[in-house]
Amino acid sequence: MEELDGEPTVTLIPGVNSKKKQMCFDWGPGEMLVCETSFNKKEQPEMVPNCPFIYIIRKDIDIYSKILRKLFNESHGIFVGLQRIEEELTGKSRKAQLVRVSKNYRSVIRACMEEMHQVAIAAKDPVSGRQLSSQVSILSAMELIWNLCEILFIEVAPAGPLLLHLLDWVRLHVCEVDSLSADVLGSENPSKHDNFWNLVTVLVLQGRLDEARQMLSKEADTSPTSAGMCQILGDLMRTMPILSPGNTQTLTELELKWQHWHEECERHLQDGTFAASPHLESLCKIMLGDEAALLEHKELLSNWYHFLVTRLLYSHPTVKPIDLHFYAQSSLDLFLGGESSPEPLDNILMAAFEFDIHQVIKECSIALSNWWFVAHLTDLLDHCKLLQSHNLYFGSNMREFLLLEYASGLFAHHSLWQLGVDYFDYCPELGRVSLELHIERIPLNTEQKALKVLRICEQRQMTEQVRSICKILAMKAVRNNRLGSALSWSIRAKDAAFATLVSDRFLRDYCERGCFSDLDLIDNLGPAMMLSDRLTFLGKYREFHRLYGEKRFVDAASLLLSLMTSQIAPRSFWMTLLTDALPLLEQKQVIFSAEQTYELMRCLEDLTSERPEHGEPDAQQLQDDDIETTKVEMLRLALARNLAGAILREGSLEGS
């Protein structure tokens, strides 16, 4: 098992004082609940009535930022698209596609960074403004790291093109020169501007030599004494050999040309060509890669990796990837000069220059406030086949572990959980289990949200979760007295016991009101009525009413009798069924045959013989008993009449 690099950081919770109150806590999927207990650390507890505080500590607060939510939403689409890349794509086509995916991720980061920067500028509250500015810095660092990883691990640029990529990297992320240029060129006399030489120097430091030559031409126009020197230095800038993207020259040819050019620069410096102008002489020294001259402009370089790229440009333009870490380490040491220690960002960039992918991911996991960056970068690098050999000791590979952590954080949000589903889907080992655990914890606040969750579960054949969600919704519907919805959910859950419970509620409701609610649902139960006996009875009983309403009395009578004799009807409902038979018994036409009438008589006698003996009855009980006795007498009389009529009718039929 790996050891921790150091002591974990202590997070202070505002308002919590563990010295005065004993605290307890409980972990959730994306947060921790902290509360004060009733126990006091002192031996004699103070019996003072008070209300304990409850604190919810979220491990990933970034998901609650509106701007960062755009980052999560946009990157989700890129992630899903990446997973669907055809495995048949190999070689250059696959590499080009992966580079394009990487650039898409970076464009999303940059768009969020620019939006957050605008919001930070417009913020009226200084505290929120500082928080937003801090988040802008983090996003900028994320893009800086991602861009470098893209160059080194995805582009895998060889010697020559490598330097061109690094120059673009520095120019993109050290962008103060653009505002400086606008300031200088916007003045009446740019060459007399206080920052003119700073601008020219920065342009040379970034290898933007064409722009530097244009600035020198402005100096030559306004200062005839230095025109000749500006011309010579401008020619040196123009003739500097650089391997352009469309150039077919070999590295050997480039090195020879660069050596000749370097010697010419050296000769001009030795001859004192620029001795009369300290600024031009300093520029020439920079172009010779003089470390002392470069370090004199620390403020303009602003960071060690800018210093590294400038140093490589003017000293080692054909640097090989394998040698990068030597120059990176020495540049860091020279730039810091022992005055300060490396920041976390410095360590991450250094690990990248050392081609230590796992260290990059580890350092980013520690330094950044959420799992978005490491999860997506690791996934992309895994598609580049760079992490195939690295499995973690607890059963999952690094890619899957980080995606699971990121997806778990998304599930703590009320809407972003839908994105987390896809991340779990693309984790082959533990994704399914994790999704099942997390989806059960989603609060089903609305039926619309419940239907979304249900659809996700059904698409993935998550039978237990489907049943659980349907049960929850059925219970909510019962509590709100929405019996039709409750029955629908219990059928969908295939829960026979709950379907029986709801059916009983329907029957009780019918007894109280004399009519059924949700007739459309009951009329269209179809095969679903076979889920439970009570549901079958409910469906068939409703069919009896429909037949009676259509005046199909013979069919209605047969169905009513079958409900009683098949024992499918609950005994408590027999009196209601017998009462429903009364209108059929009173018809002029004989509907029940003699045999059917005998069956009804037997059911009535079975029912009356089982009536329980009550103790001392109250007034209400006596009234109910009188009503029940009246019903029984009416039924016996009607049955007797019907039996007589049936016997006469059947006898006459036999005689004829």
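Quick look at the structure, then. Keep in mind the model is a prediction, meaning the values are calculated, not measured.

## Re the packing of aromatic side chains
Part 1: Tallying each qualifying case throughout the model produces 18 aromatic pairs.
Part 2: Here the aromatic rings of F411 and W417 are separated by 6.3 Å at their centres, their planes lie at 50 degrees, and the arrangement is tilted. Taken as a pair, F411 and W417 share a single burial class, namely buried.
Part 3: Site record: aromatic cluster; members linked through ring pairs are F72, F79, Y406, Y423 and Y426.
Part 4: Across from the ring centre of F335, 5.3 Å away, lies the NZ or CZ of K298, which sits over that ring.

## Some details on helix α18 (residues 398-410)
Part 1: Between its first and last C-alpha, α18 extends 19 Å over 13 residues, near the 18 Å set by a 1.5 Å rise per residue.
Part 2: Counting buried positions along α18 gives 11 out of 13 residues, so the element sits mostly inside the fold.
Part 3: Regarding α18, the residues found buried are M398, R399, E400, L402, L403, L404, Y406, A407, S408, G409 and L410.
Part 4: The N-cap residue of α18 is N397: its side-chain oxygen and the backbone nitrogen of R399 are 3.3 Å apart.

## Some thoughts on the state of the cysteines
Part 1: Applying the stated rule across the entire model yields 0 disulfides.
Part 2: The closest cysteine sulfur to the non-disulfide-bonded C364 is located on C149, 6.8 Å from its own sulfur.
Part 3: According to the relative accessible area criterion, C364 is buried, its value standing at 1%.
Part 4: Lacking any disulfide linkage, C457 is separated from the closest cysteine sulfur, that of C470, by 9.2 Å.
Part 5: In this structure C457 comes out as buried when scored by relative accessible area, which is 0%.

## Section: unusual backbone geometry
Part 1: The phi dihedral of F355 is positive, around 60 degrees, even though this residue is not glycine.
Part 2: One can find F355 in the loop between α15 (344-353) and α16 (357-367).
Part 3: For K385, which is not a glycine, the phi torsion comes out positive at approximately 65 degrees.

## Details of the packing of helix α1 (residues 66-83) against helix α17 (residues 372-383)
Part 1: Contact geometry for α1 and α17: axes closest at 11 Å, N-to-C directions at 15 degrees. Considering their axes alone, α1 and α17 lie roughly parallel with respect to each other. Relative to α17, the crossing made by α1 is left-handed. Touching L71, F72, S75, F79, L82 and Q83 of α1 are W372, H376, D379, L380 and H383, all from α17.
Part 2: Of the residues that constitute the contact of α1 with α17, the class distribution is 6 nonpolar, 4 polar and 1 charged.

Rules of the game
Residues numbered from 1 in each chain as written. Predicted model: local features only at pLDDT ≥ 70, side-chain atom pairs only at ≥ 80, totals over all residues. Heavy atoms only, no water. Phe/Tyr/Trp six-rings, centres within 6.5 Å; stacked < 30°, edge-to-face > 60°. Buried < 20%, exposed > 50% of the residue type's maximum accessible area, 1.4 Å probe, protein only. Lys NZ or Arg CZ within 6 Å of the ring centre and 35° of its normal. Helix = DSSP H or I, 4+ residues; strand = E, 2+ residues; numbered from the N terminus. Expected span 1.5 Å × (residues − 1). Polar contact = N/O pair within 3.5 Å; in protein donor to acceptor, adjacent residues only side chain to side chain. Disulfide = S-S within 2.5 Å. Axes fitted to C-alpha atoms, helices over the stretch in contact; angles between N-to-C directions. Parallel < 35°, antiparallel > 145°, perpendicular 65-115°, else oblique. Left-handed = near helix turned anticlockwise from the far one by under 90°. Contact = heavy atoms within 4.5 Å. Nonpolar A, V, L, I, M, F, W, Y, C, P; charged D, E, K, R; others polar.

Distances and angles like these do not, on their own, reveal function.
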